[in-house]
Amino acid sequence: MLSILTAIQNVALQYPHRTAYQTNNDSLTYEELWHLSDRVAQYLMGLDLERQLPIVVYGHMSPMQIVAFLGAVKAGHPYVPVDSSTPSERLQLIIEASQACLLLKTETLNTHLSVPVVTVSDVVAQTANIATESTTWVQDQEIHYIIYTSGSTGKPKGVQITANNLAHFVDWMHEHFPLQESGVFLNQAPYSFDLSVMDLYPALVSGQTLYAITQEQIANPKSLFDSLATSGIRVWTSTPSFAKMCLMNKEWHQELMPALDTFLFCGEVLPISVVKELMQRFPQASIYNLYGPTETTVAVSYVEVTTELIEQFDQLPIAPISEPNLSLLEDGEIIISGPTVSAGYLGAPDLTLKAFPLIGDQRIYKTGDIGYARDGYLFFSGRKDFQVKLHGYRLEIEEIEKQIGNHPPVSSCVVIPILKDDEIVSLSAYVVLREPLLDSAFKMTKQLKALLSDYLPSYMIPKTFKYIDTIPLNTNGKVDRTGLAVMETV
Ligand code: AMP
């Protein structure tokens with residue numbers, strides 16, 4: 001089976017000066033990536049840490065983050081990527097839950113944490129250039145990375161991906177998509193989301209260039225489209241939400257990005273309206289709808305979106321029915337089997353057993369997604385629980401409710417997703433306070449939002465807060481979420 005590190009090493013030896021990573025103001029060749037990551041590995045090995053202890057890598061789209069990722073796995077440690085938009089209390093929670101022993105950073109971090117914090121560029125400046133032996137590298141069933149995702153218990157949960165999981169995923173990507181031809185890959189998703197893995201490793205093992213864009217650029221359309229125009233991007237990986245945002249700019253079309261010939265979408269429903277617009281604007285490009293959760297290594301199935309397909313259905317399928325690793329339980333839940341099923345949630349054996357049961361002698365992952373089969377394809381039709389996607393971000397409504405409930409003025413709380421044209425566009429919190437409101441609701445909301453911003457990333461903080469006397473219950477005595485959702489539409 002493919003060894004990710006051996007493949008990257010081969011590229012570094014054969015094409016040392018080729019660009020591995022490019023941003024609008026920084027770049028890294030394969031030779032630099034290989035040698036600098038050896039230095040990080042030497043530094044870590046010098047610390048004499050227990051093998052496989054996680055290392056947190058904190059930053060945002062910097063080439064030095066990739067150096068740190070490879071350095072960690074070369075020294076036998078999994079890395080935990082944490083984007084610098086993560087609030088400090090959540091970062092500390094992740095450090096505690098992962099029992100990480102060190103944080104490597106590429107951005108300023110002005111918070112006191114329970115582990116030593118070291119800057120990646122200082123590490124590489126201070127450490128000798130000595131190659132690591134492949135025997136020290138993370139391998140086989142060992143953990144390569146751990147990605148933290150929202151958890152319904154109120155705390156994020158760490159999905160552990162092994163070297164084998166990742167190798168199988170990258171093999172699958174190369175087998176099914178036109179990725180080998182030389183070209184530039186868009187790197188849009190921050191590394192704390194596993195969508196980033198869809199371009200990161202497939203690009204690096206085949207010696208391609210990653211073109212990373214930052215949140216700051218995304219917030220500034222002129223800078224974003226200037227970068228896209230000069231990027232030479234051939235393979236576009238993003239959430240449908242990001243493409244939808246780009247489509248709002250009339251200049252985003254094939255003439256701006258003449259090399260673009262492959263769109264890989266994953267992470268949420270790909271609306272047919274988005275596909276139709278893309279087909280018009282990028283007539284040379286193929287469009288793929290990929291499906292899969294972090295727990296089974298990024299993606300496990302796909303369909304190529306053709307004009308026939310969008311004429312035949314009013315919703316896009318996520319897989320052909322023949323897809324061997326996907327099946328439906330009797331209640332319609334989609335389960336996933338195969339070599340990319342994660343080793344489970346770090347330090348959470350009960351959660352792991354529940355989500356990754358044995359069926360026969362096979363460990364499977366219960367996705368919580370509901371699906372149905374029709375005309376030879378599998379379709380996604382919603383969730384069994386309160387996990388939602390908002391602008392492409394995965395979040396558990398219960399985690400938000402628990403965090404809001406942790407703050408003293410709050411007695412109880414329910415969070416409702418707000419829909420527009422069948423798509424979640426924002427969140428609304430219904431809050432019962434312990435004491436009647438003394439001040440204005442506006443002030444209370446401001447106070448609650450400020451408190452929450454230490455614990456939750458901004459996309460998890462509800463847009464509106466409404467103060468009510470009691471949480472309404474339905475006839476079964478459960479929280480009447482449907483009733484509240486209806487109130488939102490009136
Ligand atoms: P994440 O772990 O962030 O990748 O989120 C995984 C979840 O995103 C899945 O369990 C689905 O609910 C949803 N998802 C992923 N891909 C698709 C897709 N192509 N269509 C619809 N939902 C998707």
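Look above for the structure.
Here's what I pulled together on the structure shown here. (Residues numbered from 1 in each chain as written. Predicted model: local features only at pLDDT ≥ 70, side-chain atom pairs only at ≥ 80, totals over all residues. Heavy atoms only, no water.)

### Regarding the overall build of the protein
Using the following cut-off: Helix and strand definitions here come from DSSP, where helices need a minimum of 4 consecutive H or I residues and strands a minimum of 2 consecutive E residues; each element is numbered from the N-terminal end. Computation of the radius of gyration draws on C-alpha atoms, with the globule rule given as 2.2 Å multiplied by the number of residues to the power 0.38. Exposed residues in this analysis have more than 50% of their type's maximum accessible area, buried residues have under 20%, and partly exposed residues fall in between, with area computed by a 1.4 Å probe over protein chains only. Note on definitions: a residue-residue contact is assigned when non-hydrogen atoms from the two residues lie within 4.5 Å. Exposure was quantified through the Shrake-Rupley algorithm and a 1.4 Å probe, taking into account, for residues, occlusion by the shown protein chains and nothing else. Neither His nor the chain ends contribute to the count of charged residues, in which Lys and Arg are positive and Asp and Glu negative. To locate a charge, take NZ of a lysine, CZ of an arginine, CG of an aspartate or CD of a glutamate.
What the protein contains, in helices and strands, is 16 helices and 27 strands. Its C-alpha radius of gyration of 23 Å places the protein within 12% of the 23 Å reference for a compact globule of 490 residues. Once the C-alpha set of the protein is aligned to its principal axes, its extents read approximately 65 × 55 × 55 Å. When the 490 residues of the protein are sorted by exposure, 55% land in the buried category. In the protein, once contacts between residues fewer than 6 apart in sequence are set aside, the share between residues at least 24 apart is 67%. About 21100 Å² of surface is accessible on the protein, with carbon and sulfur atoms providing 51% of the total. For the protein, the separation between the mean place of its 32 positive charges and that of its 53 negative charges on side chains is 6 Å.

### As for the pairing of strand β12 (residues 262–265)
Quick reminder of the rule: A crossover counts as right-handed when, viewed with the strands pointing away from the observer, the path leading from the first strand over the helix to the second turns clockwise. At least two bridges found by DSSP between two strands is the condition for calling them paired.
Of the two faces of β12, the one lined by Thr262 and Leu264 and the one lined by Phe263 and Phe265 are each fully buried. At this point the chain moves from strand β11 (residues 233–238), through helix α10 (residues 240–247), to the parallel β12, and the crossover so formed is right-handed. For β12 and strand β13 (residues 286–291), the ladder comprises four bridges, and the chain directions are parallel. Across the sheet, the residue bridging to Phe263 is Ile287, located in β13. Note that the unit made of β12, helix α11 (residues 272–281) and β13 has a crossover that is right-handed.

### A word on the site of the ligand
Under the convention used in this document: Any residue with a heavy atom positioned within 4 Å of a molecule or strand is treated as near that molecule or strand. Distance and chemistry together define a polar contact, namely a pair of N or O atoms within 3.5 Å, with one atom able to donate a hydrogen and the other to accept it when in protein, and with adjacent residues in sequence counting only for side-chain atoms on both sides. All amino acids are sorted into three groups, where Ala, Val, Leu, Ile, Met, Phe, Trp, Tyr, Cys and Pro are nonpolar, Asp, Glu, Lys and Arg are charged, and the leftover types, Gly among them, are polar.
Not every one of the 16 residues close to the ligand is listed here, only the nearest: Leu290, Thr294, Asp369, Lys389 and Arg394. Between an oxygen atom of the ligand and a side-chain N or O atom of Lys389, the distance comes to 2.9 Å. Starting from 500 Å² of accessible surface for the ligand in isolation, the protein chains cover 93%. Among the secondary structure elements, those contributing two or more residues to the shell around the ligand are β13 and β22 (377–383). Among the elements that make up the shell around the ligand, the one with the highest residue count is β13 (three residues). Residues that form the shell around the ligand fall into these classes: six nonpolar, four polar and six charged.

### Quick notes on the side chain of Thr340
Among the secondary structure elements, Thr340 is positioned in the loop between β17 (333–336) and β18 (344–345). Ignoring any residue separated from it by four or fewer positions in sequence, one finds Thr340 in contact with Asn165, His168, Phe169, Glu295, Thr296, Thr297 and Val300.

### So, the sheet that holds strand β10 (residues 209–212)
The condition is simple: To obtain an axis, a line is fitted to C-alpha atoms, over the contacting stretch when the element is a helix, and the angle between two such axes runs from 0 to 180 degrees between their N-to-C directions.
If you trace the eight strands from one edge of the open sheet to the other, you get β2-β1-β10-β9-β11-β12-β13-β14, paired in mixed fashion. Two strands in the sheet have a free side with no partner beyond their single neighbour: β2 (27–29) and β14 (301–305). Averaged over neighbouring strand pairs, the angle between their axes works out to 20° when direction is ignored. Sheet topology note: the β13/β14 ladder contains five bridges and is antiparallel. Of the residues in β14, the one forming a bridge with Tyr288 is Glu304. Along the sheet, helix α7 (residues 195–205) contacts β1 (19–22), β9 (184–187), β10, β11, β12 and β13; its crossing angle with β9, the most-contacted strand, is approximately 155°.

### Quick word on the packing of aromatic side chains
One pair of aromatic rings is described through two measures. These are the centre distance and the angle between the planes. Inclusion rule: In summary, the pairing rule links any two rings of Phe, Tyr or Trp, Trp by its six-membered ring, whose centres are within 6.5 Å, and it sorts them by plane angle into stacked for under 30 degrees, edge-to-face for over 60 and tilted for everything else. We call a charge positioned over a ring when the NZ of a Lys or the CZ of an Arg lies within 6 Å of the ring centre and within 35 degrees of the ring normal.
Within the structure shown, the criterion is met by 25 aromatic pairs. Summarising the aromatic geometry, the rings of Phe177 and Tyr288 are spaced 5.0 Å apart at their centres and angled 85° between planes, so their arrangement reads as edge-to-face. One end of the pair, Phe177, is in the loop between α6 (163–176) and β9; the other, Tyr288, is in strand β13, with 111 residues separating them in the sequence. The residues Phe177 and Tyr288 share a single accessibility class, namely buried. Ring centres of Tyr372 and Phe379 lie 5.2 Å apart, and the angle between their planes is 10°; this geometry places the pair in the stacked category. Each residue in the set Trp236, Phe242, Trp252, Phe263, Phe265 and Phe282 is aromatic and connected to the rest through ring pairs, giving one cluster. Taking NZ or CZ as reference, Arg18 lies 3.9 Å from the ring centre of Tyr15, over its face.

### Section: helix α3 (residues 63–74)
What counts is decided by this rule: An expected span of 1.5 Å times one less than the residue number is assigned to each helix.
The terminal C-alpha atoms of α3, which comprises 12 residues, lie 17 Å apart, in line with the 16 Å expected from a rise of 1.5 Å per residue. Of all the 12 residues making up α3, 11 are buried; the element is thus mostly covered by neighbouring parts of the structure. Buried within α3 are the following residues: Pro63, Gln65, Ile66, Val67, Ala68, Phe69, Leu70, Gly71, Ala72, Val73 and Lys74. The residue sitting at the N-terminus of α3 and contributing the capping side-chain oxygen is Ser62; that oxygen lies 3.0 Å from the backbone nitrogen of Met64. Phi turns positive one or two residues past the end of α3, at Gly76, with a value near 90°.

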